[in-house]
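Architecture and fold: a report
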Amino acid sequence: MPDPDDSPTDTTSPEDGAVFDDAASLTDAESADEQRDKYLRLAAEYDNFRKRTTRERQEAHWRGQADMLKGMIDALDDLGRFAHVDPATTDAKTVVEGVEMVEKKLHKTLAGHGMEIINPVDHPFDPSLHEAVMTEPAGSRDEDHLVARVFQVGYLFNGQLLRPARVVVKQWNG
C-alpha cells in the first residue's frame, strides 16, 4: 500500500498560472452569465417594443377611421332627414336637391381623407384604372381608345385603386 506521504504533492505555484486559471474560468462563467442576462434583457426589451409599436399602430388606425367617420356624421344626419320627409308635402325636386347636397358633402369629406373619383370621359383608356365593359365605333382616328361613357365611376384612395371605372371605349375601325 502506498504511503500517503509518497504521493505526488501539488507543486504548482502562482507563477505556474494554476490559480489564475481558476480565476479566469470563474471570470468566464460570470462573463457568460452577464452576457446571457444582457441577451435576455435585450430580448425582453425588443418584445416590449414590438408589442408597443403594434398597439400604437392599431390605435392610430382606429383614430384615422374615427376622424373619417366624424366627417361623415353630418352627411348621415342630412340623409336621415331626407329619408323621413313626408312625401305628401315634399316635391321630388326638393328631395333630389337634398340628396345631391348630401352626395357633395360625402365626396368632400372623403376627398379630405385621400379618396379620388375616377370619371374618365373623353380621356384615354387606361387599363390600370378603367375596366372596359363595351366598345363603340369612334368617329375619327383621334377618338380611338378614348372613353365614351362611364357606367360606374371608379375610386382611388391615397393612390390605391379601390374600384376601376367601368367604361365604354371608342374604337376606330377605319
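From a predicted model like this one, the values you see are computed outputs, not experimental measurements.

The next point concerns the overall build of the chain. Along its length, the chain carries 2 helices and 6 strands. Put simply, the chain runs from its N terminus to its C terminus through helices and strands in the order α-α-β-β-β-β-β-β. Buried residues in the chain amount to 13% of all 174 residues. When contacts within the chain are restricted to residue pairs at least 6 apart in sequence, long-range pairs at least 24 apart make up 61% of them. If you sum the accessible surface of the chain, you get close to 13,600 Å²; carbon and sulfur atoms cover 55% of it.

As a general point, the strands of a sheet are linked pairwise by backbone hydrogen bonds and lie either parallel or antiparallel. Within the open sheet, the 3 strands sit side by side as β2-β6-β3. Their pairing is mixed. This sheet does not close on itself; its edge strands, each paired only once, are β2 (130-137) and β3 (147-152). The mean inter-strand angle of the sheet, taken between neighbouring strand axes irrespective of direction, is 25 degrees.

Our next topic: the environment of G98. If you trace the backbone, G98 turns up in helix α2 (residues 92-112). A residue is classified by how much of its surface remains accessible, and G98, at 2% relative accessible area, is buried.

Time to look at the pattern of salt bridges. According to the stated counting rule, one finds 9 salt bridges in the structure shown. With a shortest N-O distance of 2.6 Å, D78 and K105 are connected by a salt bridge. With a gap of 27 residues between them, D78 in helix α1 (residues 18-83) and K105 in helix α2 connect regions that are remote in the sequence. Within this structure, D47, R50 and K51 form a network of salt bridges that share partners.

This part is about the confidence of the model for the chain. Averaged over all residues, the pLDDT of the chain equals 85, while 85% of them reach at least 70. When pLDDT is averaged over each helix and strand of the chain, the minimum, 86, is found for α1 and the maximum, 96, for strand β5 (residues 160-163).

Here α2 is 21 residues long and its end C-alpha atoms lie 30 Å apart, about the 30 Å a rise of 1.5 Å per residue gives. Following α2 by one or two positions, G114 adopts a phi angle in the positive range, close to 105 degrees.

Right, let's talk about the side chain of H130 for a bit. Along the polypeptide, H130 turns up in strand β2. In contact with H130, other than residues within four places in its own chain, are I118, P120, P124, F125, V147, P164, A165 and V167.

We now examine the sheet that holds strand β4 (residues 154-157). Reading across from one edge, β1-β4-β5 is the order of the 3 strands in this open sheet, with antiparallel pairing throughout. Two strands in the sheet have a free side with no partner beyond their single neighbour: β1 (115-118) and β5. Along the sheet, successive strands turn relative to each other by an average axial angle of 30 degrees, direction set aside. Relative to β5, β4 runs antiparallel, the two sharing 3 bridges. Considered in β5, the bridge of L156 is made with L161.

Okay, the nonpolar core next. Counting residues in each nonpolar core, the largest one holds 6 residues, listed as I118, V147, L156, A165, V167 and V169. When near neighbours in sequence (up to four residues on either side) are disregarded, V147 contacts P120, V121, D122, H123, F125, H130, V167 and V168.

Cut-offs used in this document
Residues numbered from 1 in each chain as written. Predicted model: local features only at pLDDT ≥ 70, side-chain atom pairs only at ≥ 80, totals over all residues. Heavy atoms only, no water. Helix = DSSP H or I, 4+ residues; strand = E, 2+ residues; numbered from the N terminus. Buried < 20%, exposed > 50% of the residue type's maximum accessible area, 1.4 Å probe, protein only. Contact = heavy atoms within 4.5 Å. Areas by Shrake-Rupley, 256 points an atom, 1.4 Å probe, with all protein chains shown as cover. Pairing = 2+ DSSP bridges. Axes fitted to C-alpha atoms, helices over the stretch in contact; angles between N-to-C directions. Salt bridge = Lys/Arg side-chain N within 4 Å of Asp/Glu carboxyl O. pLDDT = per-residue confidence, 0-100. Expected span 1.5 Å × (residues − 1). Core = buried A, V, L, I, M, F, W, Y, C linked by side-chain atoms within 4.5 Å.

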